[in-house]
Protein chains: 2
Amino acid sequence: MSEPEVSSYEKLMRELRDASVLSSAGAVLGWDQETMLPPKGTALRADQLAAIGGLVHERFTRPEVGEWLSECEADRALTSDPRTAANLREIRRGYDRAVKLPGSLVREIAQTTALSQQAWRQAREKSDFAAFAPWLSKMFSLSRAKAECYATDVGGSLYDALLDTYEPRASAAELDAVFSELRRKLTPLIAEIAAAGERPRPPVQRAPVPVERQRAFNRRVLGQMGFDFDAGRLDLSAHPFCEGIGPGDTRLTTRFREDDFLDALTSSMHEGGHGLYEQGLPKAEYPGQPLGEAASLGIHESQSRLWENFVGRSHAFWEWALPEARRGLGEALEGVSVEDVYRASNTVRPNLIRVDSDEATYNLHIMLRFDLERALLSGELKPEDLPGVWNERVRQDLGIDVPDDRRGCLQDIHWSMGLVGYFPTYTLGNLFAAQFWKAARAATPDLDDRMRRGDFSALLAWLRENIHRYGQEYTPMELCERATGSRLSAGPFIEYLEGKLRSVYGL
Amino acid sequence: MSEPEVSSYEKLMRELRDASVLSSAGAVLGWDQETMLPPKGTALRADQLAAIGGLVHERFTRPEVGEWLSECEADRALTSDPRTAANLREIRRGYDRAVKLPGSLVREIAQTTALSQQAWRQAREKSDFAAFAPWLSKMFSLSRAKAECYATDVGGSLYDALLDTYEPRASAAELDAVFSELRRKLTPLIAEIAAAGERPRPPVQRAPVPVERQRAFNRRVLGQMGFDFDAGRLDLSAHPFCEGIGPGDTRLTTRFREDDFLDALTSSMHEGGHGLYEQGLPKAEYPGQPLGEAASLGIHESQSRLWENFVGRSHAFWEWALPEARRGLGEALEGVSVEDVYRASNTVRPNLIRVDSDEATYNLHIMLRFDLERALLSGELKPEDLPGVWNERVRQDLGIDVPDDRRGCLQDIHWSMGLVGYFPTYTLGNLFAAQFWKAARAATPDLDDRMRRGDFSALLAWLRENIHRYGQEYTPMELCERATGSRLSAGPFIEYLEGKLRSVYGL
């Protein structure tokens, strides 16, 4: 008896499923490394992750995989189905990117990144840019070499080739246009707020709140948002993150400060937004396939920012959440009003540090990095000139002086890891979020009333229906247009910020 | 330029190292499954573990591996070195066992085990032996099939072939002789204790102690024992276990009952004993090699029992530990004396349940299982006759009536998983532990004084020096003889029990 014939598509799907099972094992190890791993276990963990990463790469780049893919692409019966065609389109993108990098370059990048990150940590600690400059230079050279391998895909632009890693099919020119519009409208708003004078941030907490009580309250809010704790966890880590391990297993982390419950809550809601996206993707139906995976980093970030900012800094949310917080956190919140927390959550003040910045000025940080990383990649900006240019730009954009490089151009880990083209996805997330928020509100006129009752189900249903279930069926820009009826623009985000901040600041 | 020649031994060592890195990734996933995994993540976890298990098996059973091994075995330069020869001897044992099982049998065992375990859980819950009997029969048939594949290695005895999986190179005949001696001396001692009349167990705890305080106290004791928390963790799980993931990463679990701090402490010390062995094995020097791995389950169990029982139920230990416990656990221990805890820790009373039994009667449970599993494997005992035979034997050996199969022959998970030949390693652990304890005390005359001060370093140093550092260099029986000067016997264990229990019970 001959075996029943297995189609190339079926073989390809099995391959993706098997690879994703292995990758997901690596994801568990990655999560464990940040939350559980004892210090002396780090060397073994690096070996484990390298072994699994190597196996996944090796499997997926086998020539048969390319042959099956080509056979599928030539099969009209497959390509005439739009979902299957989308699946093949993104598998091709991933396969080409995986086979285009020579092994020697992959190894050089891995080795240099490890050293460069270490050099960055030490340089940042001592605020010693000179010690990091040669590594910055090396990492940009390697990024350039990598971009050259990819660049044929994306019409030859080196930066676009890297951006495409994180935001498929976006281009710097397109982002530049939208970011310019954003900058044009944001700058005067921030100036007006600054001119309105410093508003004292009302105290929102009168006593320390123990971690265990905060943890229970954070779980309560995440549960109310719709996060399924039977298919996920909330733990502690130094830097909060979300790991979507696979179907049924999505893990969030946060961190707690006893004197500031808002710090943990905003982190939890941010990671919770990522987590809801991971739980909403059709991973079980399309195991390891693009149709079951996140559309892009920008879309992912839109989900986290939507819950952290658009929901979590809204008046309606606090009308529900403050009584809950009082119940959960006790006397520490006695005498605090919704207005107090709402204002505290919406304070705008330029900050040297990106990750400590408010919703408005945050984007100036991103645009600065977007501009400078393009100049560093093209060679227009020499690595050694970075601090001067950085500090001048911070003065112009944020009106503050950078006292040292630790709080200046050494603050972020990204470039030390070769993550070039990553930063813009943060602001993209804000812009997508504003468009989704506007569309979801239009579709659900009583959204504020629902939030006042702690009912987030209609919002989540809109996101599931319009974003989550598509995976990578559409490109991020297409997805945005389909979900909102409009192409990406800065308009909705500016409208949202203006509407909220003018009222908070009485402008 | 030609590549420098890599010897077969070097290739073999690389292979073992690579396989152990992958296995250790599987160990992390296994630990996570018992401690962290959200319920909906179980299906993916099964796939991840199967994928990694498959890869490890596939790699290790490649014909090249067998060829390298044969080349090494033919190389006098290698085999004349005793450590290398031992390494090769145990690699051969593992390789032969790995290649001897046909893939079809491996798959059948895996599938049947999953179903059988499920059937056992349901049958135990309802105390319905009839529902489990067909599965018991299937699992023993499969064990027989497996044993037949191995049996040529061990002179043809089917039971020995299975025992060898857990206790390399032990034989049922050898164990039978030692166990008979043990039974002969244990039975009258237990009878004398029973005749002395029920002694009221003094209360050792007067109020509930919150889990967090207990956890800190357990960590304190483990730290004092020498467990390195920079290379390990202590977490919670339903069934306590120790997972030696690899160099620098050994994880213990325990469970807490607020009304009984001794329950968690004895579990923690037991798992801590396993953990000290894992941390003491030369895993980093011999990555993935037998020289870096535990000698056997019996030797492993000797380490856990030594710390749990010989140390943790001793008067000297409690002279140190009770003041510590009072400091850590608070008023709950007020008015409790060392004598109270010591007596409570050394109560002998036959119990229907193996895992709830005391140090003495526990071994009668094991001998019962050892005898019955041999009879089940040979076919002398029919699965359907098990309950009657079991209950009769419990009446004879322990003097108690079995009220239902849930508390009788359905109490243990082992046979439902096909673990035949595993039970005797528990009593072997007690016997080895007694021999090691006697030798360590002879070598360290002030051991009790040290324990009274909470100084366990000399004991740990003796174990490191005489047991841990050897890995599998010697067979378990050889290791015992080298470390203690005597072959395995029941004498030291009986002496130890007699010495302690006669004084506790005033016999």
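Reference entry: report on the structure contained in this document. (Residues numbered from 1 in each chain as written. Chains lettered and ligands numbered in written order. Predicted model: local features only at pLDDT ≥ 70, side-chain atom pairs only at ≥ 80, totals over all residues. Heavy atoms only, no water.)

### Notes on the pairing of strand β3 (residues 249-254) of chain B
Residue and element names in this part refer to chain B.
Line of reasoning, step 1. Counting buried residues along β3, 6 of its 6 residues qualify, which places the element largely inside the surrounding structure.
Line of reasoning, step 2. The sheet contact formed by strand β1 (residues 232-236) and β3 spans 5 bridges and is parallel. Residue pairing for β3: G232 is matched across the bridge by T250.
Line of reasoning, step 3. Sheet topology places strand β2 (residues 242-246) next to β3; 4 bridges connect them, and they run antiparallel. Its bridge partner being in β3, G246 is matched across the sheet by D249.
Line of reasoning, step 4. The turn joining β2 and β3, which pair antiparallel and follow one another in sequence, is formed by 2 residues; a positive phi near 85° is taken by G248. (Buried < 20%, exposed > 50% of the residue type's maximum accessible area, 1.4 Å probe, protein only. Helix = DSSP H or I, 4+ residues; strand = E, 2+ residues; numbered from the N terminus. Pairing = 2+ DSSP bridges.)

### Some points on the packing of helix α1 (residues 8-35) of chain A against helix α2 (residues 42-60) of chain B
Line of reasoning, step 1. It is the contact of α1 of chain A with α2 of chain B, at a shortest axis distance of 9 Å, that shows an interaxial angle of 105°. Here α2 of chain B runs roughly perpendicular to α1 of chain A, going by the angle between their axes. Of the residues in α2 of chain B, those touching α1 of chain A at V21, L22, S24, A25 and V28 of chain A are L44, R45, D47, Q48, A51, I52 and L55 of chain B.
Line of reasoning, step 2. Along the lines of polarity and charge, the residues of the contact of α1 of chain A with α2 of chain B split into 8 nonpolar, 2 polar and 2 charged. (Axes fitted to C-alpha atoms, helices over the stretch in contact; angles between N-to-C directions. Parallel < 35°, antiparallel > 145°, perpendicular 65-115°, else oblique. Contact = heavy atoms within 4.5 Å. Nonpolar A, V, L, I, M, F, W, Y, C, P; charged D, E, K, R; others polar.)

### Section: the side chain of H300 of chain B
Residue and element names in this part refer to chain B.
Line of reasoning, step 1. The residue H300 is located in helix α12 (residues 297-311) in this model.
Line of reasoning, step 2. Its relative accessible area of 11% is what places H300 among the buried residues.
Line of reasoning, step 3. Of the polar contacts made by the side chain of H300, one reaches the side chain of H274; its length is 2.9 Å.
Line of reasoning, step 4. Reaching out from H300, the side chain makes a polar contact with the side chain of E278 at a distance of 2.6 Å.
Line of reasoning, step 5. Those residues in contact with H300 that lie beyond four places of it in its chain are H274, Y277, E278 and A294. (Polar contact = N/O pair within 3.5 Å; in protein donor to acceptor, adjacent residues only side chain to side chain.)

### Considerations on the relation of the copies chain B and chain A
Line of reasoning, step 1. If you rotate chain B by 180° and push it 0.0 Å along the axis, it lands on chain A with an RMSD of 0.0 Å. The transformation relating the two chain copies, once decomposed into turn and shift, fits a two-fold axis. (Least-squares fit on C-alpha atoms with pLDDT ≥ 70 in both.)

### Quick notes on the interface of chain B and chain A
Line of reasoning, step 1. Each partner contributes to the interface: chain B provides 34 residues, whereas chain A provides 34 residues.
Line of reasoning, step 2. Summed over both sides, the interface of chain B with chain A buries roughly 2,500 Å², with 67% coming from carbon and sulfur.
Line of reasoning, step 3. Area buried by chain B at its contact with chain A is led by M36, K40 and L44 of chain B, which between them contribute 21% of it.
Line of reasoning, step 4. Taken together, the links from chain B to chain A amount to 6 salt bridges.
Line of reasoning, step 5. Close ionic contact of K40 of chain A with D228 of chain B constitutes a salt bridge, the shortest N to O distance being 2.4 Å.
Line of reasoning, step 6. Viewed at the interface, chain A and chain B are joined by 12 residue pairs in polar contact (both at pLDDT 80 or more).
Line of reasoning, step 7. Breaking the side of chain B that touches chain A down by element, the ones donating at least two residues are α1 (8-35), α2, β1, β2 and β3 of chain B.
Line of reasoning, step 8. For the side of chain B that touches chain A, the leading source of residues is α1 of chain B, giving 9 residues.
Line of reasoning, step 9. Here the residues of the side of chain B that touches chain A sort into 18 nonpolar, 7 polar and 9 charged. (Buried area = accessible area lost by both parts, 1.4 Å probe. Salt bridge = Lys/Arg side-chain N within 4 Å of Asp/Glu carboxyl O.)

The analysis is restricted to geometry; functional conclusions fall outside its scope.
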